[in-house]
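Each chain, letter by letter, is given below.
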Amino acid sequence: MRRENVDYMKIRKNLQDTLKNLLDEKLKEKETLISSTRFEIKNKVNADKVLKKVDLKWKEEYYLLRKKWSYYIFASLAWTILFQFFLTWFLIYWVTHSIFPFSDVYNLFFLIVWENFAQIIWLSYVIVRFLFSPEK
């Protein structure tokens, strides 16, 4: 009887040690999983912050570039209109002072007016289509 009791105690102790070791391993796995998950979440949050900053910086640069190009387009449109105005004035001066006689002067003036109109419409189309197009 004594022998059976000793065997039972050894088996019980071995079983307790094994269960304790299994529980320790399970806790270590759980801690490792929690630690790696925290690390991944922290990295994801940091990555999201960085992506938001990059997106904000990109939008700022995009709108600054649009503003810059708006000034260039305005200047080129103003230059085109002024050039056409002075060209028309110069041609009128030539014709009225008989410096350079035109036989079809009225057709020339209509051609200049329609050419100006076509330039303004085309530049407006280019501006609206490419500079102020919606974001994709």
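What counts and what doesn't
- Residues numbered from 1 in each chain as written.
- Predicted model: local features only at pLDDT ≥ 70, side-chain atom pairs only at ≥ 80, totals over all residues.
- Heavy atoms only, no water.
- Helix = DSSP H or I, 4+ residues; strand = E, 2+ residues; numbered from the N terminus.
- Buried < 20%, exposed > 50% of the residue type's maximum accessible area, 1.4 Å probe, protein only.
- Contact = heavy atoms within 4.5 Å.
- Areas by Shrake-Rupley, 256 points an atom, 1.4 Å probe, with all protein chains shown as cover.
- Phe/Tyr/Trp six-rings, centres within 6.5 Å; stacked < 30°, edge-to-face > 60°.
- Salt bridge = Lys/Arg side-chain N within 4 Å of Asp/Glu carboxyl O.
- Patch = residues over 30% accessible without salt bridge, like charges linked within 9 Å, V, L, I, M, F, W, Y side chains within 5 Å.

Visitor: When you look at the overall build of the protein chain in this model, what are you seeing that I'm missing?
Guide: Tallying secondary structure elements over the protein chain gives two helices and zero strands in all. Residues classed as buried in the protein chain amount to 7% of the 136 residues present. Pairs at least 24 residues apart make up 68% of the contacts formed inside the protein chain by residues separated by at least 6 positions. Of the accessible surface of the protein chain, which amounts to about 12,700 Å², a share of 68% is contributed by carbon and sulfur atoms.

Visitor: Just to check I follow, could you spell out the packing of aromatic side chains for this structure?
Guide: The way to describe two aromatic rings as a pair is by their centre distance and the angle between their planes. Considering all chains together, one arrives at seven aromatic pairs under this definition. When the centroid spacing of 5.4 Å and the interplanar angle of 70 degrees are considered together, the rings of phenylalanine 85 and phenylalanine 86 count as edge-to-face. Linked through ring pairs, Trp58, Tyr62 and Tyr63 together constitute an aromatic cluster.

Visitor: What's the story with the pattern of salt bridges in this structure? I'm lost.
Guide: For side chains of opposite charge, pairing can occur when their charged atoms come near one another. A full pass over the atoms with the stated rule returns one salt bridge. With a closest N to O distance of 3.7 Å, aspartate 55 and lysine 59 form a salt bridge. Placement of both aspartate 55 and lysine 59 in helix H1 (residues 2-96) is noted, with a separation of four residues, approximately one turn of the helix.

Visitor: What is the right way to look at a nonpolar patch on the surface in this model?
Guide: Side chains of Leu82, Phe85, Phe86, Trp89, Phe90 and Tyr93 sit close together on the surface and give an oily, nonpolar patch of about 650 Å² of accessible area. Note on placement: tryptophan 89 falls in helix H1.

Visitor: Which parts of the structure should I look at to understand the side chain of glutamine 84?
Guide: Summarising the element assignment, glutamine 84 is placed in helix H1. Residues contacting glutamine 84, with those up to four places away along its chain left out, are Ile112, Glu115, Asn116 and Gln119.

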